[in-house]
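For reference, the chains in residue letters:
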Amino acid sequence: MTVLPLNTASIALLVDRFYDKVQKHPTLGPVFNPAVHDWTEHKETLVAFWSQVALGERGYNGSPMSAHQKHNTIRAAHFDDWLALWRETTREVLDEDGAAKMIDFAERIGRSLRYGLGIPMQGRGLGIPLVSVGK
Ligand code: HEM
């Protein structure tokens, strides 16, 4: 199994593997395949995006929010599936520290994308019952 430290080369491998899986995925494929016409270009955009997020490089100048807003077929379940596939692939490609960082970034960005798209996280609340049950 390939386990690499986080750098531009491992991000490129991660992005490549992730979107190869996305294309074949039963729920993500049907959203991505009609939307992405040039996978090489899409992967290049995503390598630039993640290199900026994780390594502070300056190659990405898109707008993730408006890119997703164009696609009104995106639902809450897609985020769960996207993140499950991301967790799996980051752990295949990256060392423990690198995978943990990329998972954390994706969870945080995913959360803000969801709010922007009007599909917020299921509130787990504060763990304080609003109505006391029992007594
Ligand atoms: C959860 C974390 C996610 C992150 C960090 C993320 C990130 C990105 C980024 C950076 C782009 C490129 C935007 C650009 O062109 O500049 C993109 C494109 C895209 N994403 Fe996501 N995404 C996430 C979740 C999802 C989910 C859940 C879906 C739904 C299946 C999705 C579907 C798409 C599609 C279809 C595109 C292509 C948009 C287009 O070019 O028309 N993404 N994503």
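Residues numbered from 1 in each chain as written. Predicted model: local features only at pLDDT ≥ 70, side-chain atom pairs only at ≥ 80, totals over all residues. Heavy atoms only, no water.

1. Re the side chain of Thr90
- By secondary structure assignment, the location of Thr90 is in helix H5 (residues 76-93).
- Given the relative accessible area of 0%, Thr90 is considered buried.
- Side-chain polar atoms of Thr90 contact the backbone oxygen of Arg87, separated by 2.9 Å.
- Look past the residues within four positions of Thr90 in its chain and what remains in contact with it is Leu14, Ala99, Met102 and Ile103. (Helix = DSSP H or I, 4+ residues; strand = E, 2+ residues; numbered from the N terminus. Buried < 20%, exposed > 50% of the residue type's maximum accessible area, 1.4 Å probe, protein only. Polar contact = N/O pair within 3.5 Å; in protein donor to acceptor, adjacent residues only side chain to side chain. Contact = heavy atoms within 4.5 Å.)

2. A word on the packing of helix H1 (residues 8-24) against helix H3 (residues 39-55)
- Where H1 meets H3, the closest approach of the two axes is 9 Å, and the angle between their N-to-C directions is 135 degrees. Relative to H3, the element H1 lies oblique. The way H1 lies across H3 gives a crossing that is right-handed. Facing H1, whose interface residues are Thr8, Ile11, Ala12, Val15, Asp16, Tyr19, Asp20, Val22 and Gln23, H3 presents Trp39, His42, Lys43, Leu46, Val47, Trp50, Ser51, Ala54 and Leu55.
- Here the contact of H1 with H3 is composed, by residue class, of 11 nonpolar, 4 polar and 3 charged. (Axes fitted to C-alpha atoms, helices over the stretch in contact; angles between N-to-C directions. Parallel < 35°, antiparallel > 145°, perpendicular 65-115°, else oblique. Left-handed = near helix turned anticlockwise from the far one by under 90°. Nonpolar A, V, L, I, M, F, W, Y, C, P; charged D, E, K, R; others polar.)

3. Observations concerning the coordination of the iron atom of the ligand
- Coordination of the iron atom of the ligand by the protein comes from a single atom, His68 (NE2), at 2.0 Å.
- Among the structural elements, His68 can be located in helix H4 (residues 64-69). (Donors = N, O, S within 2.8 Å, 3.2 Å for Na, K, Ca; no water.)

4. Description of the packing of H1 against H5
- At a minimum axis distance of 10 Å, the contact between H1 and H5 shows a crossing angle of 135 degrees. In terms of their interaxial angle, H1 and H5 are classed as oblique. For the crossing formed where H1 meets H5, the hand is right-handed. Counting all contacts with H1, which are made through Ser10, Leu13, Leu14, Arg17, Phe18, Tyr19, Lys21 and Val22, the residues of H5 involved are Trp82, Leu85, Trp86, Glu88, Thr89, Thr90, Glu92 and Val93.
- In terms of residue class, the contact of H1 with H5 is made up of 9 nonpolar, 3 polar and 4 charged.

5. Some details on the site of the ligand
- Neighbouring the ligand are 24 residues, the closest being Phe32, Tyr60, His68, Lys70 and His71.
- Separating an oxygen atom of the ligand from a side-chain N or O atom of Tyr60 is a distance of 2.6 Å.
- His71 is positioned with one of its side-chain polar atoms (N or O) 2.7 Å from an oxygen atom of the ligand.
- Where the shell around the ligand is concerned, the elements lending two or more residues are helix H2 (29-35), H3, H4, H5 and helix H6 (96-117). (Near = heavy atom within 4 Å.)

6. Comments concerning the packing of aromatic side chains
- What the rule picks out here adds up to 10 aromatic pairs.
- Ring centres 6.1 Å apart and planes at 40 degrees place the aromatic pair Tyr19 and Trp39 in the tilted group. Of the two residues, Tyr19 sits in helix H1 while Trp39 sits in helix H3, which places them 20 residues apart along the sequence.
- Of the residues examined, Tyr19 reaches a relative accessible area of 3% and is grouped as buried.
- Each ring, one from Phe49 and one from Tyr60, has its centre 5.2 Å from the other, and the planes form 75 degrees; the classification is edge-to-face. Highlighted residues: Phe49 in helix H3 and Tyr60 in the loop between H3 and H4, separated in sequence by 11 residues.
- Through successive ring pairs, a cluster of aromatic residues spans Phe18, Tyr19, Phe32, Trp39, Phe49, Trp50, Tyr60, Trp82 and Trp86. (Phe/Tyr/Trp six-rings, centres within 6.5 Å; stacked < 30°, edge-to-face > 60°.)

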